[in-house]
Structures are given as C-alpha cells and as structure tokens.
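# A look at the structure
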Amino acid sequence: MKLVTIYTDGACKGNPGPGGWGAFLSYGGTERDLFGGEAQTTNNRMELTAVIEALKALKHACHVHLYLDSEYVRKGITEWLPGWKARGWRTASKQAVKNADLWQILDDVVSHSGHHIEWRWVKGHSGDPGNERADALANQGVLTVQ
C-alpha cells in the first residue's frame with residue numbers, strides 16, 4: 001500500500017453561514033489540492049466534508065496519515081461512531097446525531113475503501129505547514145460561494 005499524507009480543514013463565515021472545505025494530499029513528491037464550498041452550512045459539516053472528499057479522491061486502497069484539527073471528526077470516527085450506529089444514530093443522551101447524513105457517508109467511505117487510516121490530530125493555526133495549507137484551501141472554498 002502506498003503511503004498518502006492528507007491534511008483537511010473546514011471553515012465557516014458565520015456558523016451557520018457560507019462555508020468551505022479544503023484538503024491537501026501528498027504522495028511520493030506529488031501534491032494535490034482540493035476545495036469546495038456551500039452557501040449555507042456549519043463548520044462541523046465542512047470539517048466532515050473535507051475528510052470525505054479527500055478520501056474519495058484516492059483511487060486505490062492506501063495507507064493514510066490523515067491530519068485534522070477537528071476533535072469532533074477525529075473522536076466521532078474513532079470513538080463515538082460505533083455507539084451511534086448501535087443506538088440507531090442516536091447519542092448516549094438519546095438525541096439525534098448531528099450531521100448523521102455526513103457521518104454515514106464517511107462511515108461508508110472508510111468501511112469500503114480498503115484504506116488503513118491513522119487519524120492524527122494537529123493543533124489548528126499553530127504553524128503546521130500542512131494544516132495551514134488546508135486552512136487556506138478551506139477559506140478558498142468559502143470564496144466560491146460568497
């Protein structure tokens with residue numbers, strides 16, 4: 001399996017409001033930037049969309065180091081998802097899971113892609129070059145809908 005490094009980020013101008021997502025992918029010296037936006041969304045939806053779009057861009061099963069500054073996405077996929085599914089997409093407090101539509105897409109992509117993903121949290125806006133690039137791409141995505 002080839003090793004791909006991915007950095008993702010989401011941005012929102014108002015929450016809800018215009019939002020963007022960005023992803024920076026790197027493999028063996030090749031780099032690819034992805035971004036997009038939605039006119040009316042939330043930051044968490046854009047964080048999720050960035051990860052989904054980045055993973056969907058991979059054409060073959062890969063070993064992925066995925067860096068993100070969203071604890072919501074990292075904990076959701078690594079800790080909370082099994083419980084949500086077992087409870088019929090309800091939280092432990094019996095509330096409907098927010099953004100369940102995107103969580104279900106992400107779960108499907110992760111489950112059926114064959115990727116081995118290492119979910120790595122990075123502090124946002126701390127000077128990490130990959131995170132800064134993903135942030136810039138997410139902000140570029142916002143501009144596509146403003």
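Details of the structure are given in the entry above.
No experiment lies behind these values; they were computed from the predicted model shown. (Residues numbered from 1 in each chain as written. Predicted model: local features only at pLDDT ≥ 70, side-chain atom pairs only at ≥ 80, totals over all residues. Heavy atoms only, no water.)

This brings us to the nonpolar core. Within the largest apolar cluster, 33 residues are counted, with the highest numbers of intra-cluster contacts made by Ile-6, Leu-55, Leu-66, Trp-103, Leu-106 and Trp-119. If you list the elements that add at least two residues to this core, you get strand S1 (3-12), strand S2 (17-27), helix H1 (43-56), strand S4 (63-68), helix H2 (71-86), helix H3 (100-113) and strand S5 (116-121). Here the element with the most residues in this core is H1; it accounts for 7 residues. When neighbours within four sequence positions are excluded, Ile-6 is seen to be in contact with Phe-24, Leu-25, Ala-54, Leu-55, Leu-58, Val-64, His-65, Leu-66 and Tyr-67. In terms of nonpolar packing, the next biggest core, distinct from the first, is built from 6 residues, Tyr-7, Tyr-67, Ala-134 and Leu-137 among them. (Core = buried A, V, L, I, M, F, W, Y, C linked by side-chain atoms within 4.5 Å. Buried < 20%, exposed > 50% of the residue type's maximum accessible area, 1.4 Å probe, protein only. Helix = DSSP H or I, 4+ residues; strand = E, 2+ residues; numbered from the N terminus. Contact = heavy atoms within 4.5 Å.)

Okay, H1 next. Taking 1.5 Å of rise per residue, the 14 residues of H1 would be expected to cover 20 Å, and the 20 Å separating its terminal C-alpha atoms lies within 8% of that figure. Where burial is concerned, most of H1 is hidden: 10 out of the 14 residues are buried. Here H1 has its buried residues at Arg-45, Met-46, Glu-47, Leu-48, Thr-49, Ala-50, Val-51, Ile-52, Ala-54 and Leu-55. (Expected span 1.5 Å × (residues − 1).)

Moving on to the packing of aromatic side chains. Per the stated rule, a full pass over the model turns up 5 aromatic pairs. On the numbers, 5.4 Å between centres and 70 degrees between planes, the contact of Tyr-72 with Trp-103 is edge-to-face. With Tyr-72 in helix H2 and Trp-103 in helix H3, this residue pair connects regions lying 31 residues apart in the sequence. Of the residues examined, Trp-103 reaches a relative accessible area of 0% and is grouped as buried. Each ring, one from Trp-80 and one from Trp-84, has its centre 5.9 Å from the other, and the planes form 50 degrees; the classification is tilted. With Trp-80 and Trp-84 both in helix H2 and 4 residues apart, the pair spans about one turn of that helix. On the basis of relative accessibility, which here comes to 7%, the residue Trp-84 falls in the buried class. Over the ring of Tyr-27 we find Lys-2, and its NZ or CZ is 4.7 Å from the ring centre. (Phe/Tyr/Trp six-rings, centres within 6.5 Å; stacked < 30°, edge-to-face > 60°. Lys NZ or Arg CZ within 6 Å of the ring centre and 35° of its normal.)

A separate point is the layout of surface pockets. Its volume calculated, the largest pocket comes out at about 220 Å³. As for the largest pocket, its lining consists of 13 residues, of which Val-4, Leu-25, Tyr-27, Arg-32 and Leu-58 are closest to the centre. Listing elements by their share of the lining of the largest pocket, those giving two or more residues are S2 and strand S3 (30-41). Within the lining of the largest pocket, the residues separate by chemical class into 6 nonpolar, 3 polar and 4 charged. (1 Å grid on protein atoms, 1.4 Å probe; cavity = no way out; pocket = protein on both sides within 12 Å on 5 of 7 lines; lining within 4 Å. Points joined across faces, edges and corners; volume = space filled by probe spheres on them. Nonpolar A, V, L, I, M, F, W, Y, C, P; charged D, E, K, R; others polar.)

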